[in-house]
Amino acid sequence: IFVVFGNPCGQSRLGGLIPGLSGGPYRARMRDRDLYAQILGIASPWHVSDVRLDVPAGKVEVIVEHRGTARCQQCGKACPGCDARLRRWRHLDTCQLQTVLVAEVPRVECPEHGVVQASTPWAEAGSRFTALFERVVIDWLREASFSAVARRLGLTWDEVDGIMARAVERGRGRRGETSARRIGV
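Considering the pairing of strand β3 (residues 81-94)
Argument step 1. Judged from the 11 bridges that link them, β3 and strand β4 (residues 97-110) form a sheet pairing that is antiparallel. From the neighbouring strand, Arg-87 faces β4, where its bridge partner is Ala-103.
Argument step 2. Connecting β3 to the antiparallel partner β4 that follows it, the hairpin turn spans two residues, and Cys-95 within it adopts a positive phi of roughly 50°.

Below is the structure:
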C-alpha cells in the first residue's frame, strides 16, 4: 500500500510525477490513528485512540482502547469484565523510532477458566512484544547470534531467549505428539 500525505493546500507533492496520484482517494488525508490501526491490524473491539510522538526520546506510543465485549483468552467466550490492567508491548520500529503499544486490557471472569486477561490480537498472553516483533526476532536469530540480535534490536539476552522459547513452544504445539517406533540401544 502506498499512502501519500497531501500538503496543507490539499495537493499531493507527488501529483504529476506518479500517474493516478493527482486525485481520487489519495487526496484525502489519513489521520495518524487510522494509519496505525491499518498498520497494526487493530479492529473491533479494539480502537487506536491516540498516537504520541516523542522525537527526543526516539519513541512512538500507540494508545489502544477496548470497546465492547471482552472475551476469554483461552476459550474465546464473551465474559463479564471485572477490571483492567495497563500493559505495554514493543512493536516494530516506525521510521527508526521505537514503537510501543499501550492498552488497558480488561480482565474477564470466565466460568470455565476463572479470572483471565481478555485476548489481545497483536500479542500472546504473557508476552511484552507484538507477534510481528517476535517474528522479526526469530528471523534474525536464524542469521545471527543471541548477542547480535539483542544488540541490534535493543533487547536483553533474556528477552531474546523468552521470544525464542515462545516460538519453540508454538512450533511444538503445531507439530503434535510423536512417538518413537524403534529405540536403539
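Observations regarding the nonpolar core
Argument step 1. Grouped together as the largest cluster of nonpolar side chains are 16 residues, with contacts concentrated most on Ile-42, Trp-46, Val-62, Val-64, Trp-89, Ala-103 and Trp-122.
Argument step 2. For this core, the elements supplying multiple residues, two or more each, are α1 (32-40), β1 (46-54), β2 (59-66) and β4.
Argument step 3. Considering each element in turn, this core owes the most residues, four residues, to β4.
Argument step 4. Excluding residues within four positions of it along the chain, Trp-122 makes contact with Ile-42, Trp-46, Val-64, Trp-89, Leu-101, Ala-103, Thr-130 and Ala-131.
Argument step 5. Judged by nonpolar contacts, the second largest core, of 13 residues, contains Ala-150, Leu-153, Leu-155 and Ile-163.

Some points on helix α3 (residues 146-153)
Argument step 1. Residues of α3 that are buried: Phe-146, Ala-148, Val-149, Ala-150 and Leu-153.
Argument step 2. For α3, the secondary structure elements touched by its buried residues are β3, α2 (131-141) and α4 (157-175).
Argument step 3. Two residues or fewer past α3, Gly-154 is found with a positive phi of approximately 70°.

Here is what the cut-offs are and how they apply
- Residues numbered from 1 in each chain as written.
- Predicted model: local features only at pLDDT ≥ 70, side-chain atom pairs only at ≥ 80, totals over all residues.
- Heavy atoms only, no water.
- Pairing = 2+ DSSP bridges.
- Helix = DSSP H or I, 4+ residues; strand = E, 2+ residues; numbered from the N terminus.
- Core = buried A, V, L, I, M, F, W, Y, C linked by side-chain atoms within 4.5 Å.
- Buried < 20%, exposed > 50% of the residue type's maximum accessible area, 1.4 Å probe, protein only.
- Contact = heavy atoms within 4.5 Å.

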